[in-house]
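In case you want the letters, here they are:
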Amino acid sequence: MPILQNTFVHHVHFWLKNKADKDKLIEGLNILLPIPHIRDIHIGVPADTNRDVIDRSYDVSLLILFDTPEAQEAYQVDPTHVIFAEEYAKPLCSKVVVTDSVNI
């Protein structure tokens, strides 16, 4: 199995203030798709898996792969990402948890 090399992984989990806003948050996440710094992107919801170690309490997740930490930094200040954060994530979410990782 090939190992991803030169990859910065940015994984975000969102908890909504109001569950009825799920489609609106997903709409907002989709505006991120054209940002040029992104290598790969996955927008998802909790899978129907149930084991003691699985946290399914979040409402929506975002997984982005970048080629470098610098590409991730550029994404953070990209105007489209700023719009997403200000107009979707901040008003709709009660909690956001981000985990970033790099290759070892």
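Coordinates for the structure precede this section.
About the criteria used
What you see as residue numbers is a count from 1 along each chain, following the sequence as written. Totals for whole chains, interfaces and linings use all residues, but because this is a predicted model, local features are given only for residues with pLDDT of at least 70 and pairs of side-chain atoms are given and counted only at 80 or more. Computation of side-chain values covers all heavy atoms of the structure but excludes hydrogens and water. We define a salt bridge as a contact between a side-chain nitrogen of Lys or Arg and a carboxyl oxygen of Asp or Glu at a distance within 4 Å. What counts as a helix is a DSSP run of H or I of at least four residues, what counts as a strand is a run of E of at least two, and both are numbered from the N terminus. Each residue gets one of three labels from its accessible area relative to the maximum for its type: buried under 20%, exposed over 50%, partly exposed in between, using a 1.4 Å probe on protein chains only. A pair of strands is considered paired only if DSSP assigns at least 2 bridges between the two. Lines are fitted to the C-alpha atoms to define the axes, a helix being fitted only along its stretch in contact, and any angle between axes, read from their N-to-C directions, falls within 0 to 180 degrees. Contact definition: two residues touch when any of their heavy atoms are within 4.5 Å.

Undergrad: How do you make sense of the pattern of salt bridges when you look at a structure like this?
TA: Two side chains that carry opposite charge are able to pair once their charged atoms sit near each other. The final tally for this structure, using the stated rule, is four salt bridges. Asp 59 is the salt-bridge partner of Lys 19, the closest N and O atoms lying 2.8 Å from each other. Of this pair, Lys 19 sits in the loop between strand E1 (8-16) and helix H1 (22-30) while Asp 59 is found in the loop between strand E2 (40-44) and strand E3 (60-66), placing the two residues 40 residues apart along the sequence. Ionic pairing is found between Arg 39 and Asp 67, a salt bridge with its closest N-O pair at 2.6 Å. Taken together, the residues span a long stretch of sequence, with Arg 39 in the loop between H1 and E2 and Asp 67 in the loop between E3 and helix H2 (69-77) at a distance of 28 residues. Given the relative accessible area of 44%, Asp 67 is considered partly exposed.

Undergrad: Would you explain the sheet that holds strand E4 (residues 93-102) in this entry?
TA: Note on sheets: strands pair through backbone hydrogen bonds, and any given pair is parallel or antiparallel. Read from one edge to the other, the open sheet built from four strands follows the order E2-E3-E1-E4, with strand pairing classed as antiparallel. Every interior strand has two partners, whereas the edge strands, E2 and E4, have only one. When strand polarity is set aside, the average angle formed by the axes of neighbouring strands in this sheet is 10°. Where E1 and E4 come together, nine bridges link them in antiparallel fashion. Across the sheet, the residue bridging to Phe 8 is Val 102, located in E4. Strands in contact with helix H3 (residues 79-92) are E1 and E4; relative to E4, the strand with the most contacts, it is inclined by about 120°.

Taken by themselves, the reported measurements are silent on function.
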